[in-house]
Amino acid sequence: MKLLVAGAGAGKTTSMAEEVLSRYREVEDGKIIYVITYTNAARDQIRNKIIEQHGDIPRQVKVETSHVFLLQELVFPFYHLLYDQRYSSVSAINLPDNQGYRAKKLKELREGNIVHVQEVTNISSHVLYGKSNDKKLIKEKRKRIISIIGNYLDSIFIDEAQDIDKYLSKIIDVFHTNGFYLHLVGDPKQDLRARNEFRRLLGKYPQFVKYKKENHRCPISHVKLSNKYIIEQEKQEWQTEEVGVLKYFYENDINLDEFIKDGTWDYIYIYQKNERFITDTNDVNAHEDLLDYELKMLIKRTNAEDNHIDKITFILHRLIKKNLTTKNNWSIINKVGEILSLQLTKQDKARLYEALEANKEATKTEGIVVNSIDKVKGLEGNCCLFILTTELSEYFFLNKIELNKMMNYLYVALTRSKKELIILITTEVEEKYGREWINNKFKQLLK
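Quantities reported herein were computed from a predicted structural model and do not represent experimental measurements.

1. Regarding the domain arrangement of the protein chain
1) Next: Assigned domains within the protein chain: domain 1 (2-212), domain 2 (220-276 + 369-446) and domain 3 (282-362).
2) Next: Between domain 2 and domain 3, the C-alpha centre-to-centre distance is 42 Å.

Written as structure tokens, this is what we have:
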């Protein structure tokens, strides 16, 4: 096992590709090397780096997202051998907040042999790690499954390992215990979900931990600033002679619309939306998928033929979208029942209402549209604008120094820029601390 701690701009992708190809040259028995990432973009970056260094992607090397790996290698082929449930596809529809509706929807998916994306790591852990009430026969089958996997799988490389959850962490422990080679690259300072599983692994296996301290992205002033918020062994070393630009402005001193519009910003980001700024974290497609799902469940109760269900869903969805902003939810729901000639139950109406509300929220665009810090994690630009709000200000000004999720958000915000980082002090932050205090604090921070 190798656990590599690599901060922002450390060249993780290039390093990962080099390590993968090095392992590939060592494997002589034709076994597969799996590289797993958390996003399609990260997957494509690693694929491109391997091609750049090797000319192509060797047949033995598989580069996929974590969900593809877990579904193809664990859930689909093996889950039904252990438990009385077969999964053959996956869904990403939005799940209701209401626990009762949520449980019902998950049950409906299972009955259709569908696993929801939010349950993939949990269900995958059942294959390798198991459940607390597993009988002896299941445990014996699990041993054989691990042996089967060992016949064709040599090693697993995991990118962005700070994002692993407790279930994938259990899977990692099982793979390590059974002799699979593991190479994890991550940065606990960029754990925006506060899962802390990568830090747990660093503490559990200190003999395998290495630190990659180079920061090839950020100029000197930015690295000096971000180093004030991290522990000693993870502090970074700049790899440039460029000092960089680091400035701050007060929202009260500018015309906000013009400032945003006229700037040559690569990225503008904020911790979370407020009255003046909205973020694009709502996944409109996911909300539309939820509406499609609810419509299909209703259509299946009619006399519609199976090969016509998708077409009817499309027509209904288009009609609803046309009326979403002009008619209230109840009139739309009643119209759906009328069109389908269905007597909708209270539960039917409640589920449709929730899907309609989710779509309305996703299409609201009041305010200045900026990115969330979540969205820009992993990205870089020459000129970045960080909007400092009260949620992160206590950490930025070092009034709070706990290593937690908020400190991680701050670190990500300070390490996106390659040249200019501009910090916008919002009205609320100025009102909280006062301008004189803030100016003095910046003098100390920017030394």
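2. Brief notes about the sheet that holds strand β14 (residues 368-372)
1) Next: Sheet architecture is open: six strands sit in the order β11-β16-β15-β12-β14-β13, paired in parallel fashion. Each having just a single partner strand, β11 (245-250) and β13 (277-279) make up the two edges of the open sheet. Sheet twist, expressed as the average angle between the axes of neighbouring strands with direction ignored, equals 40°.
2) Next: Relative to strand β16 (residues 417-425), strand β15 (residues 381-388) runs parallel, the two being bridged by seven bridges. Of the residues in β16, the one forming a bridge with Ile387 is Leu424.
3) Next: Docked against the sheet, helix α19 (residues 435-445) engages β11 and β16, running at close to 175° with respect to β11.

3. Digging into the packing of aromatic side chains
1) Next: Within this structure, the stated rule accounts for 20 aromatic pairs.
2) Next: Aromatic pair Tyr205 and Phe208: ring centres 6.1 Å apart, planes at 40°, arrangement tilted.
3) Next: Residues Tyr433 and Trp437 carry aromatic rings whose centres are separated by 4.9 Å and whose planes lie at 15° to one another, so their mutual orientation is stacked.
4) Next: Take Trp437: its relative accessible area is 33%, and that puts it in the partly exposed class.
5) Next: An aromatic cluster of three or more residues is present, and its members are Tyr229, Tyr248, Tyr250, Phe396, Phe397, Tyr433, Trp437 and Phe442.
6) Next: Geometry around Tyr83 places Lys131 over its ring, the cationic atom sitting 4.2 Å from the centre.

4. Focus: the sheet that holds strand β1 (residues 2-6)
1) Next: Read across the sheet, six strands follow the order β3-β2-β6-β7-β1-β8 without closing on themselves; strand pairing throughout is parallel. Both outer strands of the open sheet, β3 (61-65) and β8 (209-212), are each paired with one neighbouring strand and no more. The average angle at which neighbouring strand axes cross in this sheet is 20°, direction not considered.
2) Next: Judged from the four bridges that link them, β1 and β8 form a sheet pairing that is parallel. By the bridge assignment for β8, Leu3 is matched with Val209.
3) Next: In the packing of helix α8 (residues 197-204) onto the sheet, contacts are made with β1, β7 (181-186) and β8, and the angle to β1 comes to roughly 125°.

5. Topic: helix α17 (residues 405-414)
1) Next: Counting buried positions along α17 yields nine of 10 residues, so the element is predominantly enclosed.
2) Next: Within α17, burial applies to Met406, Met407, Asn408, Tyr409, Leu410, Tyr411, Val412, Ala413 and Leu414.
3) Next: In the core, the buried residues of α17 are packed alongside α9 (220-226), β12 (267-270), α15 (373-376), β15, α16 (390-396) and β16.
4) Next: For α17, the N-terminal capping position is held by Asn404, with its side-chain oxygen 3.2 Å away from the main-chain nitrogen of Met406.

6. A closer look at the confidence of the model for the protein chain
1) Next: In this model, the protein chain carries an average pLDDT of 92, and 97% of its residues clear a pLDDT of 70 or more.
2) Next: Mean pLDDT per element in the protein chain: helix α11 (residues 284-299) is the minimum at 80, and α9 is the maximum at 98.

7. Some thoughts on unusual backbone geometry
1) Next: Even without being glycine, Asn113 reaches a positive phi, approximately 60°.
2) Next: Within the fold, Asn113 resides in the loop between α4 (99-111) and β5 (114-116).

8. Overview of the nonpolar core
1) Next: Counting 43 residues, the largest nonpolar core has Leu3, Leu128, Ile149, Leu153, Ile172, Phe175 and Leu184 as the members making the most contacts within it.
2) Next: Sorting elements by how many residues they give to this core places helix α3 (residues 66-82) first, with eight residues.
3) Next: Aside from chain neighbours lying at most four places away, what touches Phe175 is Phe69, Leu128, Ile149, Leu153, Ile156, Phe180 and Leu182.
4) Next: Counting residues in hydrophobic clusters, the runner-up holds 31 residues, among them Leu246, Tyr271, Leu410 and Leu414.

What counts, and where the lines are drawn
- Residues numbered from 1 in each chain as written.
- Predicted model: local features only at pLDDT ≥ 70, side-chain atom pairs only at ≥ 80, totals over all residues.
- Heavy atoms only, no water.
- Domains from an automatic or database assignment.
- Pairing = 2+ DSSP bridges.
- Helix = DSSP H or I, 4+ residues; strand = E, 2+ residues; numbered from the N terminus.
- Axes fitted to C-alpha atoms, helices over the stretch in contact; angles between N-to-C directions.
- Contact = heavy atoms within 4.5 Å.
- Phe/Tyr/Trp six-rings, centres within 6.5 Å; stacked < 30°, edge-to-face > 60°.
- Buried < 20%, exposed > 50% of the residue type's maximum accessible area, 1.4 Å probe, protein only.
- Lys NZ or Arg CZ within 6 Å of the ring centre and 35° of its normal.
- Polar contact = N/O pair within 3.5 Å; in protein donor to acceptor, adjacent residues only side chain to side chain.
- pLDDT = per-residue confidence, 0-100.
- Core = buried A, V, L, I, M, F, W, Y, C linked by side-chain atoms within 4.5 Å.

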